[in-house]
Amino acid sequence: MPRLELTARELVVHLTAWESIWSLRRSFRVPLAHVRGATEDNGFGGRALGLRIPGTYFPGLIAAGTFIKGGDKQFVYTSRKLQTIVIELAGNDWARLVIGVLDARAEAARINAAVVSRH
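As the structure is a computational prediction, the values presented were derived from the model and not from experiment. (Residues numbered from 1 in each chain as written. Predicted model: local features only at pLDDT ≥ 70, side-chain atom pairs only at ≥ 80, totals over all residues. Heavy atoms only, no water.)

Novice: Help me understand the sheet that holds strand β6 (residues 62-69), please; the structure alone is not making it clear to me.
Specialist: Remark on secondary structure: sheet strands pair via backbone hydrogen bonds, oriented parallel or antiparallel. Pairing within the open sheet is mixed, and its six strands lie in the order β4-β8-β9-β7-β6-β5. Two strands lie at the open edges of the sheet, namely β4 (35-40) and β5 (51-58), each paired on one side alone. If you compare each strand with its neighbour and ignore which way they point, the axes differ by 15 degrees on average. Here six bridges tie strand β8 (residues 83-89) to strand β9 (residues 96-101), and the two strands are oriented antiparallel to one another. Paired with Gln-83 across the strands is Val-101, a residue of β9. With respect to the sheet, helix α2 (residues 104-118) is in contact with β4, β8 and β9, its orientation differing from that of β4 by roughly 160 degrees. (Pairing = 2+ DSSP bridges. Helix = DSSP H or I, 4+ residues; strand = E, 2+ residues; numbered from the N terminus. Axes fitted to C-alpha atoms, helices over the stretch in contact; angles between N-to-C directions. Contact = heavy atoms within 4.5 Å.)

Right, here's the structure in full:
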């Protein structure tokens with residue numbers, strides 16, 4: 001499961017070696033100024049992700065990598081055992097991050113509190 005770290009200036013997405021292999025992406029950083037907010041997405045199904053370039057998708061098991069739909073590029077890493085949050089971005093290569101976590105409500109609240117305190 002990706003680990004999300006918040007600093008005063010960045011949201012850091014830490015990926016394990018296996019997660020990096022599945023998503024074809026290493027851990028990365030997003031300036032907190034680019035984060036608009038986060039919501040939990042209990043209805044995440046995976047089929048609505050769009051075109052996978054590059055990454056991994058096994059229906060019902062895992063979605064990992066970069067997906068493009070309607071001109072929007074999003075980074076995705078989630079699996080069936082995880083709750084999903086959607087982190088909306090502005091001024092970034094990705095329009096959003098779709099990340100699987102253990103407690104979506106708590107993670108979304110933590111990210112939103114960091115965004116609010118930054119302003």
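Novice: Which parts of the structure should I look at to understand the confidence of the model for the protein chain?
Specialist: When pLDDT drops low, the exact placement of atoms in the prediction is not to be read closely. Per-residue confidence for the protein chain averages 91 on the pLDDT scale, and 95% of its residues sit at or above 70. Between the elements of the protein chain, mean pLDDT differs from a low of 88, seen in β5, to a high of 97, seen in strand β2 (residues 10-14). (pLDDT = per-residue confidence, 0-100.)

Novice: What am I meant to see in the sheet that holds β2 here?
Specialist: An order of β1-β2-β3 is seen for the three strands of this open sheet, with the pairing classed as antiparallel. At either margin of the open sheet sits one strand with a lone partner, and together these are β1 (3-6) and β3 (28-31). Within the sheet, the average angular offset between the axes of one strand and its neighbour, ignoring direction, is 20 degrees. Pairing geometry for β1 and β2, over four bridges, is antiparallel.

Novice: Please explain the nonpolar core as it appears in this structure.
Specialist: By size, the foremost hydrophobic cluster in this structure holds 25 residues, and its most contacted members are Leu-4, Val-35, Ile-85, Ile-87, Leu-97 and Ile-99. Those elements that provide at least two residues to this core are β2, β3, β4, β6, β7 (72-79), β8, β9 and α2. For this core, the element with the highest residue contribution is α2, accounting for five residues. Discounting chain neighbours no more than four positions away, the residues touching Ile-85 are Leu-4, Thr-39, Glu-40, Asp-41, Leu-97, Val-98, Ile-99, Val-101, Ala-104, Glu-107, Ala-108 and Ile-111. Leu-49, Phe-67, Val-76 and Val-86 belong to the second-largest nonpolar core, a separate cluster that totals six residues. (Core = buried A, V, L, I, M, F, W, Y, C linked by side-chain atoms within 4.5 Å. Buried < 20%, exposed > 50% of the residue type's maximum accessible area, 1.4 Å probe, protein only.)

Novice: Can you help me understand the environment of Gly-55 in this one?
Specialist: Note on placement: Gly-55 falls in strand β5. The exposure class of Gly-55 is buried, given its relative accessible area of 19%. In sequence terms Gly-55 and Leu-4 are 51 residues apart; their C-alpha atoms lie 20 Å from each other. With near-sequence residues (within four places) excluded, Gly-55 lies in contact with Trp-22, Ser-23, Leu-24, Ala-64 and Gly-65.

Novice: Please explain the side chain of Ser-23 as it appears in this structure.
Specialist: Mapped onto the elements, Ser-23 comes out in helix α1 (residues 17-23). The buried category is assigned to Ser-23, whose relative accessible area is 1%. In contact with Ser-23, not counting residues within four places along its chain, are Leu-15, Pro-54, Gly-55, Ala-64, Gly-65, Phe-75 and Tyr-77.

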